[in-house]
Amino acid sequence: TLVIDNKVENKLEFRKIIESSKYIVLNSDITMDLELMDNLNLTVITFGFNNKATFTVSSIEENNIIICLQRIIYNKDEEKIEPQEYKLEVPENVEKHTAILIHIIKILYRNI
């Protein structure tokens, strides 16, 4: 699993790295050239405040976020995960994107 939370500058190196990945978890709130991931056998999971992301934020309050899985994904054991909402309690010292990312990783690796 590769997490991308910043813009990638070196596209050739990036392509080499992602070729061996099963999952790419991508912050959809950053600009990214998705063509780099064409023709690879991997799953791209996007997250953020973008309403087209795989996991999108449907509600945000002081220390709570509700994220919505908008389409079926499969975890590392190929178990189907249906669209649903998840309520996250986020400590004040944790950035919102980081909390969402951690939750997605837990879902993929069956720690929830």
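Computed from a prediction, not measured in an experiment: that's the story for all the values here.

**Student:** How should the pattern of salt bridges be read in this particular structure?
**Tutor:** Where charged atoms of side chains with opposite charge meet at close range, the side chains can pair. According to the stated counting rule, one finds five salt bridges in the structure shown. E78 is paired through a salt bridge with K22; the nearest N and O atoms lie 2.9 Å apart. Highlighted residues: E78 in the loop between strand 6 (73-74) and strand 7 (80-81) and K22 in the loop between helix 1 (11-18) and strand 2 (23-27), separated in sequence by 56 residues. Overall, the relative accessible area of 35% leaves K22 in the partly exposed class. Between E79 and R110 there is a salt bridge, with the nearest N and O atoms lying 3.1 Å from each other. Taken together, the positions of E79 in the loop between strand 6 and strand 7 and R110 in the segment after helix 2 (96-108) put the pair 31 residues apart, joining distant regions of the chain. Residue E79 is classed as partly exposed on the basis of its relative accessible area of 34%. Among the ionic contacts, a cluster of salt bridges with common partners joins K76, D77, E79 and R110.

**Student:** When you look at the nonpolar core in this model, what are you seeing that I'm missing?
**Tutor:** Among soluble globular proteins, nonpolar side chains are generally buried collectively. Counting residues in hydrophobic clusters, the biggest one holds 20 residues, and the most contacted among them are F55, I67, Y86, I100 and I104. Those elements giving two or more residues to this core turn out to be strand 2, strand 3 (43-48), strand 4 (55-60), strand 5 (64-69), strand 8 (84-89) and helix 2. Not counting chain neighbours up to four residues away, the residues in contact with I100 comprise F47, V57, I65, I67 and L88. If you look at the next biggest cluster of nonpolar residues, it comprises seven residues, including I4, I24, L26 and L42.

**Student:** Got a minute to help me understand the environment of T1 in this structure?
**Tutor:** When you line up the elements, T1 lands in the segment before strand 1 (2-4). When its relative accessible area of 41% is taken as the criterion, T1 is described as partly exposed. It is 9.7 Å that separates the C-alpha atoms of T1 and K76, two residues lying 75 residues apart in sequence. Residues contacting T1, with those up to four places away along its chain left out, are Y23, V25, I105 and Y109.

**Student:** Can you help me understand the side chain of T46 in this one?
**Tutor:** Relative to the elements of secondary structure, T46 occurs in strand 3. The class for T46 is buried, based on a relative accessible area of 14%. Among the polar contacts listed, one links the side chain of T46 to the backbone nitrogen of T54, at a separation of 2.8 Å. With near-sequence residues (within four places) excluded, T46 lies in contact with L26, S28, K52, A53, T54, F55 and R71.

Parameters at a glance
Residues numbered from 1 in each chain as written. Predicted model: local features only at pLDDT ≥ 70, side-chain atom pairs only at ≥ 80, totals over all residues. Heavy atoms only, no water. Salt bridge = Lys/Arg side-chain N within 4 Å of Asp/Glu carboxyl O. Helix = DSSP H or I, 4+ residues; strand = E, 2+ residues; numbered from the N terminus. Buried < 20%, exposed > 50% of the residue type's maximum accessible area, 1.4 Å probe, protein only. Core = buried A, V, L, I, M, F, W, Y, C linked by side-chain atoms within 4.5 Å. Contact = heavy atoms within 4.5 Å. Polar contact = N/O pair within 3.5 Å; in protein donor to acceptor, adjacent residues only side chain to side chain.

None of the figures reported here should be taken as evidence of function without further support.
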